[in-house]
Every structure is written in structure tokens, then in C-alpha cells.
Amino acid sequence: MLWICNSKQESIDPSSRRRFDYNIFFDELSVTARAYIWRNALKFYHCEGKLSDAFITCISSRYRANPGGISLAVKNAAQLCAADPALDFEKEVMVFLKAHCSLLGIQESPEEKMEPARDYSLEGLNIRSGIKLPRLIEACRNFLDNASKIRSDRDQPRMNLLLFGVPGAGKTEFVKYLAKQLDRKLCIKNAGDLLNMYVGGTEQRIAAAFSEAEMNGEILFIDEGDSLLGAREGAVRSWEVSQVNTLLSEMERFRGIFIVGTNLVQKLDPAALRRFSFRLHFDYLTDEGKKIFFDTYFTRPMGLPELDEAEKKRLFAIGSMTPSDFRNVRQQFFYLADTGLSSMEIIEALETEIVSKTSGSSYKGLGNVVQKMGF
């Protein structure tokens with residue numbers, strides 16, 4: 001006798017659960033598994049080669065459809081294209097896939113850009129660590145080469161990295177850069193991908209993320225790690241403790257490179273901090289870094305002359321600068337690059353960018369309006 005259940009296992013009474021001789025848990029599909037199902041469906045409906053590998057990888061990541069939905073999309077598109085060969089198979093697949101996801105409430109995931117920015121470089125970043133970054137990359141490469149030889153009777157540390165510091169300092173881009181240097185795929189999980197409203201749901205998602213990354217040989221990166229590794233000492237609910245325990249256990253077990261990024265390192269559990277082999281502090285840019293990023297984003301691509309001493313002095317006087325500030329200003333002037341921009345005009349825009357970034361926390365206008373409304 002076979003029983004099928006769509007509910008969580010906790011929904012079934014334990015006295016009933018223990019009477020089953022065997023059970024199989026069908027977890028949410030990983031991107032790799034979903035891509036395999038797409039290819040299998042294409043083969044089953046004699047449509048091999050009608051979707052490119054790049055297209056399959058993209059839709060496998062962005063649309064978390066189940067095998068039934070994938071099969072329906074391919075089958076219906078194949079039937080339409082057989083009746084009218086002039087139709088575009090790829091477009092018809094998307095029509096049925098989007099309709100299926102809309103019906104089931106499956107949200108389209110934003111397309112993750114796994115490659116670092118083309119002009120990304122370690123040069124200019126203000127990263128403090130106990131080891132030089134090229135040596136860190138070498139250590140990660142050696143770890144991957146020897147991951148299958150880890151012995152339980154030796155004190156061989158895992159490769160867990162903590163990236164912390166101010167927002168916009170380049171943590172996520174560094175992870176992408178590291179993955180490219182190591183020629184490994186990247187599995188990015190935000191706190192929203194792992195937190196679950198049901199008791200035990202977050203723990204299951206955390207374990208599934210580690211299993212997915214290990215199965216696919218990927219680097220696992222959890223952003224906003226403070227949401228999952230908060231200090232247990234101040235926890236109010238039991239699940240706040242259990243999700244930290246689960247994550248710490250998975251860190252010890254994982255045989256790949258695991259990275260956590262956070263802007264709030266002070267909120268992390270002390271036991272979690274001890275489990276990171278390397279801790280990289282991403283701080284505000286130094287004067288040298290400001291000059292490097294100005295040249296990278298403006299001087300060289302726009303053909304501007306080198307900054308004179310007065311311009312350098314004004315640039316260096318701007319505090320709390322990160323690489324994202326230069327990128328934001330470049331976006332502002334992207335379509336004006338050929339209109340005779342001056343270095344001083346760009347520096348003034350950088351000054352305004354920093355003021356707008358740092359003044360938001362002290363803005364009182366909205367609070368006053370809310371107070372007057374009586375909320």
C-alpha cells in the first residue's frame with residue numbers, strides 16, 4: 001500500500017507515522033534537478049534541441065515549477081508548434097510556464113548575475129583580514145582539491161568565510177569574484193529564501209540549501225546572515241535557537257566552501273563567529289582606494305585627465321565612501337559621458353551621493369506626518 005501526502009510530516013500524528021515501513025521525502029527541486037527535468041521533458045515529447053542550454057538554466061533558476069508544470073509547458077508548446085510550425089517554440093513554452101506559475105502562486109525569482117562586474121578588481125578595496133587575499137584564494141583552491149580526503153581523525157578545518165562590514169563595500173561582488181577564480185558555480189541564498197513561517201520549516205530549508213550546494217559542487221553563500229545566526233542568548237522563541245543550531249551543525253558537516261555575508265556582525269552568535277576559518281572586514285575606502293575607483297569608473301572610460309591636486313584634495317575629503325557610491329554616480333552620468341563632463345562635476349555628484357546616503361537615518365519628515373495622523 002502506498003500513501004501520498006502533500007502536508008508537512010508534522011501534520012500526521014506520530015502514532016500513524018511510526019507504522020510506515022518506509023518513507024520518501026520529496027523536497028523542493030534544486031536548479032540542477034529542475035534543469036534535468038526540463039531536458040527529460042523535451043526528450044519525452046521529441047523536442048530535443050529546441051531550447052538552448054542557457055535558456056534552460058535561466059528558467060530553471062527563475063521559475064520554481066514542479067515536474068508536472070514543466071511537462072505541461074513542453075507538451076502544450078510541442079502540440080501548438082506541430083500544428084503551426086511558424087510558431088516560436090521558446091515563446092510558447094514561456095506562455096504556458098508563466099500561466100502555470102501564476103495559477104499556483106509561484107513568484108518569478110530575479111535573475112541572479114553570478115559573474116562579477118566587468119570592472120571589478122580587488123585593487124582599491126579596503127578589506128582587512130589575517131591573510132592576503134591572493135593567499136586566501138590559494139587556500140580555498142587547495143581546500144577544494146583535498147575536500148574528498150578530509151579525515152575524521154585529523155583536525156582539518158572546514159572552509160567557512162565570514163564577510164562583514166559596511167553596506168556597499170563589495171562583499172557580494174567579492175563572492176562572485178572568488179567563485180570565478182575557483183571555477184565553481186555559486187549558490188546564493190538570501191535570508192528570505194530560507195526563513196519559513198512554519199515551525200521546523202527554516203531548519204529544513206537550511207539543510208536543503210547545504211545539500212543542494214554539496215550535491216552540485218557549488219560554493220554556498222548566505223547573505224543577510226545575521227537573520228539566521230543571531231545570538232541565542234537573547235532568543236525569545238525556541239525556533240530562534242534551533243535554526244542557529246541547525247546552521248552551525250551544517251557548517252561543521254559541509255564539505256564545500258561556505259560564505260556568510262552581513263552588515264551587522266555584532267548581532268551574530270559568538271559560537272558562530274568561532275566557526276569561521278577566515279573573517280574579512282570590508283571597510284570604507286582609503287584615499288588610495290578612492291583614487292583607484294575614480295580612475296576605474298571615470299578617468300579611463302570617459303577619457304578624463306588625471307585629477308589635479310585640488311580635485312584630489314576635494315575627493316579625499318569625502319568620508320564614508322564605498323565602491324557602490326562610485327557605481328551609483330556612474331549610472332547617473334552613463335548617458336552623459338559624451339557631453340563634456342568634468343572631473344569636478346563628478347566629484348560634486350559623489351559628495352551629494354554621500355550626503356543623501358548618510359542623511360536618510362536622520363530624516364524626520366515621515367515620522368512627523370505619521371505622528372500627526374495618530375498612528
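Everything below is about the structure shown above.
A quick note: this is a predicted structure, and the numbers were derived from the prediction, not measured. (Residues numbered from 1 in each chain as written. Predicted model: local features only at pLDDT ≥ 70, side-chain atom pairs only at ≥ 80, totals over all residues. Heavy atoms only, no water.)

Another aspect to go through is the pattern of salt bridges. Charged atoms that come close allow side chains of opposite charge to pair. This model, assessed by the stated rule, comprises 17 salt bridges. Between Asp295 and Lys291 there is a salt bridge, and its shortest N-O distance comes to 2.6 Å. You can see Asp295 and its partner Lys291 sitting in helix 12 (residues 287-302), four residues apart, about one turn around the helix. Here Asp295 matches Lys291 in class, with each residue buried. Asp325 serves as the salt-bridge partner of Lys357, at 2.9 Å between the closest nitrogen and oxygen. On the criterion of sequence distance, the pair formed by Lys357 in helix 15 (residues 343-359) and Asp325 in helix 14 (residues 323-332) is long-range, its members being 32 residues apart. Its relative accessible area of 36% is what places Lys357 among the partly exposed residues. A single salt-bridge network, built from bridges that share partners, covers Glu214, Glu250 and Arg253. (Salt bridge = Lys/Arg side-chain N within 4 Å of Asp/Glu carboxyl O. Helix = DSSP H or I, 4+ residues; strand = E, 2+ residues; numbered from the N terminus. Buried < 20%, exposed > 50% of the residue type's maximum accessible area, 1.4 Å probe, protein only.)

All right, on to the side chain of Asp226 then. Along the chain, Asp226 turns up in the loop between strand 4 (219-222) and helix 10 (238-253). Buried charge without a salt bridge: Asp226, with Lys267 as the nearest opposite-charge side chain at an N-O distance of 5.7 Å. (Lys, Arg positive; Asp, Glu negative; His and termini not counted.)

Next up on the list: the packing of helix 6 (residues 133-146) against helix 7 (residues 171-182). Angle between the axes and distance between the axes: these two values describe a pair of packed helices. Contact pair helix 6 / helix 7: the axes reach a minimum separation of 10 Å and the direction vectors enclose 55°. Between helix 6 and helix 7, the angle is such that the two are oblique. By crossing handedness, the relation of helix 6 to helix 7 is classed as right-handed. On helix 7, the residues that touch Leu133, Leu136, Ile137, Cys140, Arg141 and Leu144 of helix 6 are Phe174, Tyr177, Leu178, Gln181 and Leu182. Here the residues of the contact of helix 6 with helix 7 sort into nine nonpolar, one polar and one charged. (Axes fitted to C-alpha atoms, helices over the stretch in contact; angles between N-to-C directions. Parallel < 35°, antiparallel > 145°, perpendicular 65-115°, else oblique. Left-handed = near helix turned anticlockwise from the far one by under 90°. Contact = heavy atoms within 4.5 Å. Nonpolar A, V, L, I, M, F, W, Y, C, P; charged D, E, K, R; others polar.)

The terminal C-alpha atoms of helix 7 lie 17 Å apart, and with twelve residues this matches the ideal 16 Å at 1.5 Å per residue to within 8%. Of all twelve residues in helix 7, nine are buried; the element is thus mostly enclosed. Those residues of helix 7 lying buried are Lys171, Glu173, Phe174, Val175, Lys176, Tyr177, Leu178, Ala179 and Leu182. Looking at the residues trailing helix 7, positive phi occurs at Asp183, about 55°. (Expected span 1.5 Å × (residues − 1).)

Moving on to the pairing of strand 6 (residues 278-282). The alternating pattern of strand 6 places Phe278, Leu280 and Phe282 on a buried face and Arg279 and His281 on a face that is not buried. In this sheet, strand 6 lies alongside strand 1 (residues 127-128) in antiparallel orientation, the contact comprising two bridges. The partner of Ile127 across the bridge, within strand 6, is Phe282. (Pairing = 2+ DSSP bridges.)

On to the environment of Arg64, then. Within the element layout of this structure, Arg64 appears in the loop between helix 3 (53-62) and helix 4 (67-83). For Arg64, a relative accessible area of 34% puts it in the partly exposed group. Placed 37 residues apart in sequence, Arg64 and Cys101 show a C-alpha to C-alpha distance of 8.0 Å. If we ignore the near neighbours within four places in the chain, the residues touching Arg64 are Glu28, Arg34, Ile106, Ser109 and Asp193.

Spatially, six strands are ordered 1-6-2-5-4-3 in an open sheet, and the strand pairing comes out mixed. Where the open sheet ends on each side, the last strands, each with one partner, are strand 1 and strand 3 (186-189). Where strand 2 (residues 159-165) lies against strand 5 (residues 257-262), six bridges are found, and the strand directions are parallel. What sits directly across from Asn160, in strand 5, is Phe258. The strands touched by helix 9 (residues 201-216) are strand 3, strand 4 and strand 5; relative to strand 3, the strand with the most contacts, the crossing angle is about 170°.

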